[in-house]
Every structure is written in structure tokens, then in C-alpha cells.
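Remarks on the overall topology
Now for the letters of each chain:
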There are 2 protein chains.
Amino acid sequence: MLTKSEENYIKEIYALEQKHKADVNTNLLAEKIETKASSVTDMLKKLAKKELLIYQKYKGVKLNSKGEKIALSVIRKHRLWETFLVEKLDFSWDEVHKVAEQLEHIRSEKLTNKLDVYLNFPKVDPHGNPIPDVNGKLIIIDAVCLDQFEIEEEGIFIEVKDESENFLKYLTKNNIVIGAKIKVLEKEEFDNSFKIEIDRKQFNISENVIKNLYLKK
Amino acid sequence: MLTKSEENYIKEIYALEQKHKADVNTNLLAEKIETKASSVTDMLKKLAKKELLIYQKYKGVKLNSKGEKIALSVIRKHRLWETFLVEKLDFSWDEVHKVAEQLEHIRSEKLTNKLDVYLNFPKVDPHGNPIPDVNGKLIIIDAVCLDQFEIEEEGIFIEVKDESENFLKYLTKNNIVIGAKIKVLEKEEFDNSFKIEIDRKQFNISENVIKNLYLKK
DNA sequence: ATTAATTTTTAGACACATCTAAATTATAAA
DNA sequence: TTTATAATTTAGATGTGTCTAAAAATTAAT
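Position numbers for residues start from 1 in each chain and track the written sequence from start to end. Here the convention is simple: chains get letters from A, ligands get numbers from 1, in the order in which they are written. Residue-level local features of this predicted model are given only where pLDDT is at least 70; pairs of side-chain atoms are given and counted only at 80 or more, and the full residue set underlies all totals for whole chains, interfaces and linings. Hydrogens and water molecules were not included; the side-chain quantities draw on all heavy atoms of the structure.

1. A word on the protein's contact with DNA strand D
With respect to spatial proximity, 20 residues lie near DNA strand D, and among them Thr-3, Thr-35 and Lys-46 of chain A together with Lys-45 and Tyr-55 of chain B are the closest. Taking Tyr-58 of chain A, its side chain carries an N or O atom lying 3.4 Å from a sugar or linking oxygen of DNA strand D. Mapped by element, the contributors of at least two residues to the surface near DNA strand D are helix 1 (4-20) and helix 3 (37-49) of chain A together with helix 2 (26-33) and helix 3 (37-49) of chain B. The nearness test applies per residue and asks whether one of its heavy atoms lies within 4 Å of the molecule or strand. By the criterion applied in these results, polar contacts are pairs of N or O atoms within 3.5 Å in which, for protein atoms, one can donate a hydrogen and the other can accept it, and in which residues neighboring in sequence qualify only through two side-chain atoms. The way it works is that DSSP assigns letters per residue, a run of H or I at least four long becomes a helix, a run of E at least two long becomes a strand, and they are numbered from the N terminus.

Below you can see the structure in the form of C-alpha cells.
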């Protein structure tokens, strides 16, 4: 049985693998987990010993299938709880991440599966991220990052990557909510910002924002 | 901010104070928390230093008002979650205690209060135990322990103290469920067992069972 | 290809919550 | 009231997850 800390490492390694499509390095992991590189090294050794990941000194780390299964189970719980909080308890999408980071460590398969039933087997969470099913399978979201869009191209906003409270509040304030139709009007070369249109209103968004928005073309 | 372990000590001290109406002694607490007396001593020192309880060497321990407030907050969460699990997720009353012991440590006042609203401010949990409100106030259950009943006296079963899975399964099997009408038929002096009647069926229950059943006369 | 800068690991320490074994204090019995 | 028993505390140790500082390995730069 894994500790909360071990589960968090595994979850974060999984996320970084997905994002960078490469082995995960110590410093990046330390930054994400908000700890020191030396602590990460210690933990990686421990998880390697438990055969949840492949770790080679100085070469980075990669989950094996056992580790991946655990990551998906934690992610499943996280996203089901987020969905519960928004759909049943009337939380807004910017309030749920931190609470779900606690709830994701509750150990009860019965609870997770009953929650899934209660929510009617949701496929995505309030941020548009796919929810792994009871077997760890998740649907592939057919979404393209806004930075891949051409001028005059438009799409429907269906997934956001950054779940921080401030970022989501910013999006809400500007009507950038799941389901919104976004059209690219202009691109600025010097800072990679875009001018976009939503609900007939036009405004500029920075590269940082652009990189976290995923749309269906 | 308290650790899960600290919260569990405070919760248990509160429960023992209520049950024995006296200061709590080290060995009993150790037994309840399933740890050693020496560990209890260490923890009591720590909690005394945090000013959550009054501790005098060799003399036992008592929560102060700050500690009591924390106990009530944990109990509130525990019982709200139990109610949620039974009423919304279709758990049975014998399955909820262990899961609720995890959920009671989730830190989010917003979550607790929204859960309370969602459940429509329940006054008692699935075992008939009162749920403290947002201010820590709980209704006084007008229940009398079955061991106080005379022969031929009857009452409605409204509260059970022991929440262990096996005990609750035993009760269910014998139709001893919340709301059942129970009549005392006979008392055995030698082992303090009772013969009772429920739903026109008669059977014997041991002192151990009797002490955990509370009824409305 | 050697040096410099960066990344990662090791070594040794600490806080937390626990343990065992020994010492101390309180309580009950003779 | 002294002794025996029981309850409690202290002392010292352990495992987990973290830290700082120093050492080692890797990568980038000249």
C-alpha cells in the first residue's frame, strides 16, 4: 500500500511523461512537487525498489505498467471528485482542484466506483480532462492546442490544462469557458500573443494562456 | 494545523469523555487508538503544549474548549460523510464507518458546509448519532439505553453506539434496524442477557448487544 | 578535449509518530 | 504502613519523508 506522498510522485511523473513525451528528470519533478531534488532522488529509489518505475541514476525516470496503473487510479479519483464537487455540490471550476488533491487519496474502490455510478460515468471532468474508467481506460480528447491555430480559424474550447485558481478565474472573467467558440483574429510575432474573438468581443491573450487552451476544430 | 493523528487522538478523547463522564486515562486511550501507552503519553504532551487539552502526569487528560471544538468539527465531518454515503451513494450502514474515518480528515470548510446543504442539514447520521451543526451544536438525542428497560417495556430503536461492521451486520440480520419497535420480554440475571421481541419474532441478545442499543421510550 | 556550469546524487541531520524496555508513580492488598 | 501490583512515563531506537551541504556525474561552452 502506498503513502499519499508516493501517490503524488507517481501522479506527477505520469503527468510529466504525458506532457513531455520523454523520461522525467529530477529537477523538474522537484519543482512540480515543491520539494528538493535530493528528496526526489530518495523517493525515486524507494519507488524503484517497489517496482513501480524504471529509474537509472542521472538518466531520469519512467513509470512501468504497475506505476502507470496507480497513476491512472489516482487521476480517476481526482477527476471524479472534481466532477462531483461541481455537479452536485455547486463548486465552481476554479475551486475544486485543491480539495480534489486531498480526496484523490481516499482508499476505497467501492467508494470510487459508486461515485462513478452516481455521476453517471462521466467521460470528462469540469476542465475537460478525460476521466479514466474502472479499468484505467480513458477517451482520447480530440483537442488541438490553440497555438496550432491559423489566423481566421475557429474552434470550440473543450479542455484546459492549467487548473490553478487564478488562471481559471481569469478565463471565467473573460468568458473563456468550456464550450465557448473562439476565433483567432491576429497573431503577434514578437510575444506570441493572439487577438481572439469570443461572443463578438475581441481581446488579446498571452502565450501562457494560449498554451493551456485546447479546442475542437 | 493538526495532523490526522492529532485529530484522531482528540476525537477519541472526546468520545471517551462523553462515555465515561470523567478524565480519560492513558491505557484506555491507547487501546482505542490501537497504539501503546507510551505513544499516547508522547502525543498528550504535544497536544497539551498546543493548548488543546489539560494534561497532568499520571492524572489523565481532558479536552479544553479549543480541543472540544476540534473534536466536534471532526465528528461533524465524519457523520455528514456517513450520511452522504448511505443516502446518496447507496452504501449500507455497516460499510460507512471506515471510509468516513478517512473522509473526516479532509480539510475544507467550504466542502463540509456544502455537503451539509446538499444533504439538507441532517440532524442524525445513519446510526442515529447526532450531527454537530456548523457551530458545533448538536441536538440531544432523547434515547435510553436498552439496559435501563423493565420487563414488558417497549421502545423505538433510534441510536446505536458500536459502529463496527460485524456488529451492524448482526443487527441487520436480526431486523434490529433504526426505527424498529423492541419489547423486553425476559431478563436473565446470570449473564444479563434479554429476551426481546421485534416484528413478532422473539430472540435473545447478550449484554454486549444491549449496551449498544438506545431507544426512545 | 578540456574547462565551466548545471544537474543529480550522497551523506548526514531533523521532525513526526511510533515502538520496546526500564524506571517511576499511583493504587490495592496484606 | 509496608509491600505488591498496576498504570504511566522516560529513555532510547526505528521508519518515513524531508532538509542542507558536499561530492559526483553530465552537459554545454570555449
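2. Quick word on the sheet that holds strand 4 (residues 154-160) of chain A
All names here are of chain A. Strand pairing is defined by DSSP finding a minimum of two bridges between the two strands. The six strands are arranged 3-8-4-5-6-7 in an open sheet whose pairing can be described as antiparallel. Since the sheet does not close on itself, it has two edges, and those belong to strand 3 (144-145) and strand 7 (201-205), each with one partner. Across the sheet, helix 7 (residues 165-173) lies against strand 4, strand 7 and strand 8 (213-216), angled at about 150° from strand 4, the strand it touches most. In what follows, a contact means two residues having at least one pair of non-hydrogen atoms within 4.5 Å. Angles here are taken between N-to-C directions and fall from 0 to 180 degrees, while the axes themselves are lines fitted to C-alpha atoms, restricted in helices to the stretch in contact.

3. Topic: the domain arrangement of chain A
Residues and elements named next belong to chain A. Domain annotation for chain A reports domain 1 (4-63), domain 2 (73-140) and domain 3 (144-216). Here the C-alpha centroids of domain 2 and domain 3 sit 25 Å apart. Contacts between the two partners involve eleven residues from domain 2, matched on the other side by 13 residues from domain 3. Surface buried jointly by domain 2 and domain 3 totals about 900 Å² across both partners, of which 51% is contributed by carbon and sulfur atoms. Two parts placed together each lose some accessible area under a 1.4 Å probe, and the buried area is that loss summed for both. Contact with domain 3 buries surface across domain 2, with Trp-93, Asp-94 and His-127 losing the most and accounting together for 65% of the total. Each reported salt bridge corresponds to a side-chain nitrogen of Lys or Arg within 4 Å of a carboxyl oxygen of Asp or Glu. Between the two partners, domain 2 and domain 3, sit one salt bridge. We note a salt bridge from Lys-169 to Asp-94, for which the minimum N-O separation is 3.0 Å. The interface formed by domain 2 and domain 3 holds seven residue pairs in polar contact (both at pLDDT 80 or more) in total. Among the residues making up the side of domain 2 that touches domain 3, the classes are represented as three nonpolar, five polar and three charged. Marked domain ranges trace back to an automatic or database domain assignment. Only Asp, Glu, Lys and Arg are considered charged in this grouping, and only Ala, Val, Leu, Ile, Met, Phe, Trp, Tyr, Cys and Pro are considered nonpolar; every other residue, Gly among them, is considered polar.

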